[in-house]
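Residue-level structure breakdown
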Number of protein chains: 2
Amino acid sequence: MIFDRAGRPGAAPAAPRALQDLDTPRLILDEARMDGNIIRLRSRLRSAGVEFRPHLKTAKSVEIARRMITGPRGPATVSTLREAEEFAAAGIVDLVYAVGISPAKLPRVQSIRKRGVALTILLDSVEQAEAVAAASDPADPIPVLIELDCDGHRSGVKPGDDALLLAIARVLSPCAELRGVLTHAGESYEARGPQALAAAAENERASAVMAARSLRAMGHECPVVSVGSTPTAFSARSYEGVTEVRAGVFVFFDLVQAGIGVCSLEDIALSVLTTVIGHQRGKGWTIVDAGWTALSCDRGTATQAVDQGYGLACDLSGRPIPGLNVVAVNQEHGVLAMRADALGSAPDLPVGTRLRILPNHACATAAQHGLYHVIRAGETEATAQWPRFSGW
Amino acid sequence: MIFDRAGRPGAAPAAPRALQDLDTPRLILDEARMDGNIIRLRSRLRSAGVEFRPHLKTAKSVEIARRMITGPRGPATVSTLREAEEFAAAGIVDLVYAVGISPAKLPRVQSIRKRGVALTILLDSVEQAEAVAAASDPADPIPVLIELDCDGHRSGVKPGDDALLLAIARVLSPCAELRGVLTHAGESYEARGPQALAAAAENERASAVMAARSLRAMGHECPVVSVGSTPTAFSARSYEGVTEVRAGVFVFFDLVQAGIGVCSLEDIALSVLTTVIGHQRGKGWTIVDAGWTALSCDRGTATQAVDQGYGLACDLSGRPIPGLNVVAVNQEHGVLAMRADALGSAPDLPVGTRLRILPNHACATAAQHGLYHVIRAGETEATAQWPRFSGW
């Protein structure tokens, strides 16, 4: 029997339930695989002497967050103010809100900070800096990181745009606290092979260090140099000049990460339990009761070497059934069929057969559920239920 | 001020809130547009003299269900047993659970039926029929519809497979109650133009009527002939032999339905309120705080004549900004850019600007939220909050 280490209300150990007897669809979490994933990244970063600020957006669970963080107060990363509030209530109070700040959210940021939360916010424009400076109390300045766009993926100041860095820093300085720079190598999801991944990580590191150097040369201290994405966190060869690494999806891993090459199928800790409800035998289809409400519509593997559809089928014990993918989803239906390039034919799966579907994108699949049913490695009995929140 | 007609706890009228002041992202429902959509379909079906069994899976809201149904007890359609339980608790007790039954769900079906709910279930195989017959009490037989696959879309007995129809009917007859047949023209989503839509509707009708005729010829009464999908519900030229029509997404409509041609952009009642948080001006990108957690990853318009990305941007009052789409989503970020074929350039949208995003697929977008913020047509003030449930 697994006991919840945190012992919070709402996370009481449930009576063990065989997966065979659970209603479907349900979200299943293999605790030992998750623990292995956490140990792997924490060991790597500890050896490199760099701090780990795990991203809690994938799990949105206090029980899981407590296993990811390196100290009782954090540090940690969040993607919504709702996460900041939920995790702060559980004592995790050293937080970076890693989405560019909307000025209208500043009163809520200040309300969270007044409760003793060390909440750092993110921005990449003079407009935002002006709003933050106006909302900040010089006696208790809002801590700010400047977002950098190291690889053209999304938001952030472009590498080498020292004029903009300086303009932001100047606007912030009198009232807010410029803590440093942050970047996310989002394009590393497109990298293939260890060399390309190492190059993406080095680009992420070098961009952040360069921007920090520019800010320091202009008289700003810039103590924080924050980098991170799951692919680069497992691929960097140097963290020189970096003070902290962020990563989130590694906690569960998924088919996208397996396709990139930073995990194996056996590392994937999350799956969706489903039941066979029918067949179209002439087409080789097996119909299951997990549609997009259970799996999400994420098609993250569509551009990878192996397109896994909406997920890869496993038997009840979690062993993948090679080539058997969810090829279509409706709201409450999934259609399983053999991938066109797969060898062999689909196994006979009578109505009532339980299967487990590995997700393309663990963040998106977990977001469709309110509860983790927790199993030990390879077991087929859920011994705990951990709540998961959502919303903003 | 709009009052909730139902007056249930949890649906109390909220103090009016300007959309400009709501936290973002939030789900916005234009009540007058929704009412117009409901009136349009109900009038059409009333004129045709055919019963309407609305599908409640899109809205998952008691307040909205009460506006869709034609009587206090229903009839209505659900896609999960959770929906059956929630709506039954609100007095909506004439229900079809329109997903093929998994034998393991039969105890829960029976538990719902014992509470006085007229819950009809669906199946398309002898295996399922055997399980239903075994679970059914001849003194209180479980009502069953046989699912038909009228257009190769998903589940169901193939047209003309009278041997399978008869085999299922024979297994059911001693213990369960064969009520009739049900089909869903899922392939109508691929039809383009009024003629193709009318043909899809006629195929749906004819397939169902033919199967009912076969069952009757074999001595089974088959009182129910149930058809439906939003595109065919608005396109059928005859309902001869049909006893009821189902449709769900019409209540909100969405960009997919507009692309099919069964609604206009002005009919779309659902949108996601979001705030501009940044720009990449060199690329023509505007970054907003609505990612896939708020919009879903649904790409239903990808194969249509106009690919709307992950949604179409509107101003705060709901007026579309022609050509401005959400072209990429991450967990909490959306990237707005002009469609390649759009005339004109993107408007200047400073940080803090509020926008509303029309969804590709209303079912999927609504499923990402727990609350509807209700506005009147064209107004920019939310005057009610209606809860929305999810899960199984």
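Up top is the structure.
Reference entry: report on the structure contained in this document. (Residues numbered from 1 in each chain as written. Chains lettered and ligands numbered in written order. Predicted model: local features only at pLDDT ≥ 70, side-chain atom pairs only at ≥ 80, totals over all residues. Heavy atoms only, no water.)

Another aspect to go through is the overall build of chain A. Helix and strand counts for chain A stand at 11 helices and 19 strands. The globule rule puts the C-alpha radius of gyration for 392 residues at 21 Å, and the 22 Å found for chain A is close to it. The 392 residues of chain A split such that 61% are buried. Across chain A, every contact between residues at least 6 apart in sequence was considered, and the portion connecting residues at least 24 apart equals 67%. Looking at chain A as shown, the accessible area adds up to about 13,500 Å², and 53% of this sits on carbon and sulfur atoms. If the 40 positive side-chain charges of chain A are averaged to one point and the 42 negative ones to another, these points end up 2 Å apart. (Helix = DSSP H or I, 4+ residues; strand = E, 2+ residues; numbered from the N terminus. Rg over C-alpha atoms; globule rule 2.2 N^0.38 Å. Buried < 20%, exposed > 50% of the residue type's maximum accessible area, 1.4 Å probe, protein only. Contact = heavy atoms within 4.5 Å. Areas by Shrake-Rupley, 256 points an atom, 1.4 Å probe, with all protein chains shown as cover. Lys, Arg positive; Asp, Glu negative; His and termini not counted. Charge placed at Lys NZ, Arg CZ, Asp CG, Glu CD.)

In this section: the environment of A:Gly311. All names here are of chain A. With respect to the helices and strands, the residue Gly311 is situated in the loop between α10 (292–295) and β13 (312–314). Take Gly311: its relative accessible area is 0%, and that puts it in the buried class. Residues in contact with Gly311, not counting those within four places in the same chain, are Leu255, Leu324, Asn325, Val326, Ile357, Leu358 and Asn360.

Before going further, it helps to examine the relation of the copies chain A and chain B. Mapping chain A onto chain B is achieved by rotating through 180° and translating by 0.0 Å along the same axis, at an RMSD of 0.0 Å. The relationship between the two copies is best expressed as a two-fold rotation axis. Looking at the rotation axis and the C-alpha trace of chain A, the residue lying nearest is A:Cys297, at 2.6 Å. (Least-squares fit on C-alpha atoms with pLDDT ≥ 70 in both.)

Residue and element names in this part refer to chain A. Relative to each other, helix α6 (residues 162–172) and helix α7 (residues 194–217) sit at 55°, their axes nearing to 10 Å. Judged by the inter-axis angle, α6 sits oblique to α7. In the crossing of α6 with α7, the sense of the turn from one axis to the other is right-handed. Of the residues in α7, those touching α6 at Asp162, Leu165 and Ala169 are Ala211, Ser214 and Leu215. (Axes fitted to C-alpha atoms, helices over the stretch in contact; angles between N-to-C directions. Parallel < 35°, antiparallel > 145°, perpendicular 65-115°, else oblique. Left-handed = near helix turned anticlockwise from the far one by under 90°.)

Residue and element names in this part refer to chain B. Spatial ordering of the open sheet is given by β3-β10-β9-β8-β7-β6-β5-β4, a layout of eight strands whose pairing is parallel. A strand with exactly one partner marks an edge of an open sheet, and here the two such strands are β3 (51–52) and β4 (76–78). Both strand β9 (residues 224–227) and strand β10 (residues 244–245) contribute to a ladder of two bridges, which runs parallel. When the sheet's bridge partners are listed, Val227 is paired in β10 with Val245. (Pairing = 2+ DSSP bridges.)

Before going further, it helps to spend a moment on the pairing of strand β8 (residues 177–183) of chain B. Residue and element names in this part refer to chain B. Burial runs high along β8: five of the seven residues are buried. Examined bridge by bridge, strand β7 (residues 143–148) and β8 share six bridges and lie parallel to one another. Pairing of Val144 across the sheet is with Leu178, part of β8. Handedness of the crossover joining β7 and β8 through helix α6 (residues 162–172): right-handed. Judged from the three bridges that link them, β8 and β9 form a sheet pairing that is parallel. Across the sheet, residue Gly180 finds its bridge partner in β9, namely Val224. (Right-handed = clockwise from strand over helix to strand, strands pointing away.)

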